[in-house]
Amino acid sequence: MMIFSTIVNIYHAINNFLSTPGGDLAKRTLEFVLLFFMTYMAYSELYREKAGKQIQYMATGFFILTLERLLLIISYASVVFGKINPVSILPISYTLSEAGESLGLIFITASFIYPLFWKNRKNFRGIVKKETLLLIAIFILTQGFVLLGRGVAMPPYLVTSYFYFTLFKLGILVLSIFILWKNNEILGKYNRNVVVAFMIYTVTPMITLINFIFYNNNNQYLYVLAHPFPFISILLLLRVTYLKLADKGTLKHDLEIARQRYDHERAVGKMKDDFVSTVSHELRTPLTSMKLYLSLLKQGQFGKLNKQQIEKIDLVRNETSRLTDLINDILDLSRLEKGKSKIHIKETNFRKLVEKSIMPNLSDEKNIIVKNNIPEDIFVNLDENKMKQVIVNLFSNAVKFTEPGGQILFSAKKDEKGFSFSVKDTGRGIPEEKIPKLFNKFYQVEEHMTREIQGTGLGLAIVKQIVNMHQGTIKVFSEVGKGTRFTIRIPKAAY
Amino acid sequence: MKTVLIVEDEENIAEAEKMILEDVFTVHVANDGEEGLRLAKEVKPDVIVLDLMLPKVDGLDVCKQIKAIPELSATKVVMVTAKNQQIDEEEGLDVGADDYIMKPFEPIELVHVITQVLEKEIREAEKSE
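Residues numbered from 1 in each chain as written. Chains lettered and ligands numbered in written order. Predicted model: local features only at pLDDT ≥ 70, side-chain atom pairs only at ≥ 80, totals over all residues. Heavy atoms only, no water.

Caption draft 1: The arrangement of the side chain of S420 of chain A in detail. All names here are of chain A. Looking at the element boundaries, S420 is found in strand β5 (residues 418-425). By relative accessible area, S420 is classed as buried at 9%. Excluding residues that lie within four positions of it along the chain, S420 makes contacts with S411, A412, K413, I488 and R489. (Helix = DSSP H or I, 4+ residues; strand = E, 2+ residues; numbered from the N terminus. Buried < 20%, exposed > 50% of the residue type's maximum accessible area, 1.4 Å probe, protein only. Contact = heavy atoms within 4.5 Å.)

Structure below.
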C-alpha cells in the first residue's frame, strides 16, 4: 500500500508540475529537441541532392513545428525565469502556436500523401493551397476577436479560437488518416506506421476538444494527459523517416550494383555477338574454298579419281556441309535471340509453303512416306522465310528419327481461336522426361548418336524462337516407339 | 559467249570460281574493288560476281558505282555475301544487286544463280518488245 500511495503521490506531483508553466517549458523543450532533429534530418536530405517534393514538404512542416515550439519555449521561459506576467504573453503565443501547429500539420500530412499525387501534382498543390487558405481564414476570423479583447486572461472568445484550431487540426489529421488508410497498397510498407503515428497525434486534439466541450478547457488532468501524444507521434514519424531514408540509401547502392552488372553483361553480350559473327565469317571463306575445290576434285577437274577416292571426297563434302549448317544455325539463333532478326509478315498459302519447304529427296532416301493433309485454302499471315525454316527443321528431324517405311504427316487447321499446324511422325519417339529439354540449345535426346542422325542441336531452339516471334506456342506429344507430334499454334490476334 | 567478271579478294576462291565458269562464260578476275571497277568499265561484262568484303573499295560501293555508270546499265550484279556482314538479303538487293549468293556455296549454285539473272534479262527484254 505504501508503494501504491507513493506512486499516486509522484503521479500527482508530476501532474501538478506539468500543468505549471515550468512543466510546460520542460515538455516543450523535449518536443523542440525532437522536432529540431527531424527538421535537421529532412533538410540535410533536401540539400544533399536533388530531393523530391515529398522531402520539401516534410522539411517545411517540421521547420514550422520547430519554430512554433521554440516560440512556446521562449514564452514559457520568459514567464518562468523572466517573471513576466503570463497574461501579457501567453495568449498571443498560444494563438501563434496553434496556428503554427496547424500549418505544420498541413505540410507534414501533405508530405506523406504526396506519393499518391505524383502524377497529378497540380491537383495536389490545389489541395494544400485550399487547406492553407482555410487556416488563414480561421486565423483572421478568430484573431479579430482577440485583438478586440486584448489583455484579458483567457477570455472566452480566445478559448473559442483555440477550439476552431483544434477542430481544424483534427480535420486535417482524420482526412490524412483516411486517405493513407485507403491507399495502403500503393503507399508501401511503412504506410501503416505513418497511419498509427497520425492516429496518436489525433488523440491530443480529441482530448482538447473533450476538454473544451465538457470542461470549458479547465480540466487540468485532461490538459496534462493530452500532451505526450504529439511527442510519441513525432517519435514514430522520425522512425519511419529514418527507415525510409535508410531504404533509399540501400536501394541506391543496389541500383548502382545492378547497373554495373547490367553494363558488364551487355559488354559481354556484345563481345559474344561480335565473336559469333566474326568467327562465322572467318569460317565461311575457308569453307567456300573447301566446298568448291572438293566439288571440282570430284568432277575430275584435277585428274580422274577411283571409286574409293570419290567416296572419301563425298564424306568430306558431307562434313563440310554439316559445318556450314552449324555456322548458319548458330548465326540464325544468335540473331533471333538478340532480336536483330525482323519479322516480315505476309499472307501465305500454308499448304504451298509446306510443299515448297519439304525436301523429298531426304525422305525418299529412307523410303519414308510424306503426307500433306493441309487443306488447299488455308491462308495465314506469317513470315514466309522464317516459317519455312520451322517446317524444314521439323521435317528433317522427323526424317532423322523415323525408320525406313515410316510416315510423316503434315496437317493444319484454322478456326476462330487461331491457326494450328502439326508435324507427326511414326518415329522412335521421345521419352517424356526429355521433352522439357528439347528446345534447349545443343540438346540431343541421345548423347551418342549415329552419324546419319547427327544434327547441330540447334534446330528446335531456332524453331521455338521463330514461333515465339509469331506469338505462337509449340507443343510436343510423344510416345516412345510410336512416334512424335509437334504442334504449333498461332493465336488469331497474332496473324 | 557471255562475259563474267569475278571480283574476289580470296585468290583460292576466285580461281575456283573461274574454273567453274570458264566452260560456259568468258571469265575475267579482279582481286579488289578498284581493279573490279576498272575492269568492269573496260570489258563491260554481262554479269559481275561481286564479293561484299573487298579491300580498297568494298562490294556495296562497287555495286552502287557500277549501277551509276550508263554504259554498264545492262550489267547484272550477283552479290556474294557471308550473310552476317551488316547486310541482309534485302539490303543487298537495295543497292542494286540483281541477286545474291551466300558463302559457302556449291559450284552448281553459282552457275544456277548466274544463269537465272541472265534469263531474267532475256525475259525482261522479251516483255518490253
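What follows continues from the structure just given.
Caption draft 2: Here's a closer look at the interface of chain B and chain A. The interface of chain B with chain A comprises 22 residues on the first partner and 24 residues on the second. Buried surface at the junction of chain B and chain A, both sides included, amounts to about 2000 Å², of which 59% is carbon and sulfur. Our count for the chain B to chain A interface comes out at two salt bridges. In this structure, the salt-bridge partner of E106 of chain B is R317 of chain A, at a minimum N-O distance of 3.2 Å. Connecting chain B to chain A are five residue pairs in polar contact (both at pLDDT 80 or more). At the level of secondary structure, the elements contributing two or more residues to the side of chain B that touches chain A comprise α1 (11-22) and α4 (89-94) of chain B. For the side of chain B that touches chain A, the element with the most residues is α1 of chain B, which contributes seven residues. (Buried area = accessible area lost by both parts, 1.4 Å probe. Salt bridge = Lys/Arg side-chain N within 4 Å of Asp/Glu carboxyl O. Polar contact = N/O pair within 3.5 Å; in protein donor to acceptor, adjacent residues only side chain to side chain.)

Caption draft 3: Spatial organisation of the sheet that holds strand β2 (residues 26-30) of chain B. Residues and elements named next belong to chain B. The five strands are arranged β2-β1-β3-β4-β5 in an open sheet whose pairing can be described as parallel. Across the chains shown, the open sheet's two edge strands, defined by having one partner strand only, are β2 and β5 (99-102). Within this sheet the neighbouring strands show an average axis-to-axis angle of 20 degrees, counted without direction. Where strand β1 (residues 3-7) lies against β2, five bridges are found, and the strand directions are parallel. Along β2, the bridge assignment pairs I6 with V29. (Pairing = 2+ DSSP bridges. Axes fitted to C-alpha atoms, helices over the stretch in contact; angles between N-to-C directions.)

Caption draft 4: Region of the structure containing the sheet that holds strand β2 (residues 369-372) of chain A. Residues and elements named next belong to chain A. Taken together, the five strands give an open sheet; going across it, the order is β2-β4-β5-β7-β6, and neighbouring strands pair in mixed fashion. Looking along the sheet, the strands with just one partner apiece sit at the ends: β2 and β6 (473-479). Taking each pair of neighbouring strands and ignoring which way they run, the sheet shows an average axis angle of 10 degrees. Bridge count for strand β4 (residues 407-414) against β5 is seven bridges, and the pairing is antiparallel. Each bridged residue has a counterpart across the sheet, and for A412 the counterpart in β5 is F421. Sitting on the sheet, helix α14 (residues 384-400) touches β2, β4, β5 and β7 (483-491), and the angle it makes with β4 is about 145 degrees.

Caption draft 5: View of the pattern of salt bridges. Residues and elements named next belong to chain A. Within the structure shown, the criterion is met by 27 salt bridges over all chains. A salt bridge links E319 to R322; its shortest N-O distance comes to 3.7 Å. A residue pair is termed a helical-turn pair when its members lie 3 or 4 positions apart in one helix, as E319 and R322 do in helix α11 (residues 307-337) at three residues. Judged by its relative accessible area of 33%, R322 is partly exposed. In this structure, the salt-bridge partner of K346 is E384, at a minimum N-O distance of 3.5 Å.

Caption draft 6: Just a negative patch on the surface, in detail. A grouping of E282 of chain A together with E10, E11 and E15 of chain B is seen on the molecular surface, where their side chains present a negatively charged patch. Mapped onto the secondary structure, E282 of chain A falls in helix α10 (residues 228-299). Looking at E282 of chain A, the relative accessible area reads 49%, which means it is partly exposed. (Patch = residues over 30% accessible without salt bridge, like charges linked within 9 Å, V, L, I, M, F, W, Y side chains within 5 Å. Areas by Shrake-Rupley, 256 points an atom, 1.4 Å probe, with all protein chains shown as cover. Lys, Arg positive; Asp, Glu negative; His and termini not counted. Charge placed at Lys NZ, Arg CZ, Asp CG, Glu CD.)

Caption draft 7: Main features of unusual backbone geometry. Residue P104 of chain B follows K103 of chain B across a cis peptide bond; omega there is -10 degrees. Positive phi outside glycine occurs at N367 of chain A, with the angle close to 60 degrees. In this fold, N367 of chain A is placed in the loop between α13 (360-365) and β2. For Q471 of chain A, which is not glycine, the phi dihedral falls at a positive 60 degrees. Given the relative accessible area of 53%, Q471 of chain A is considered exposed.

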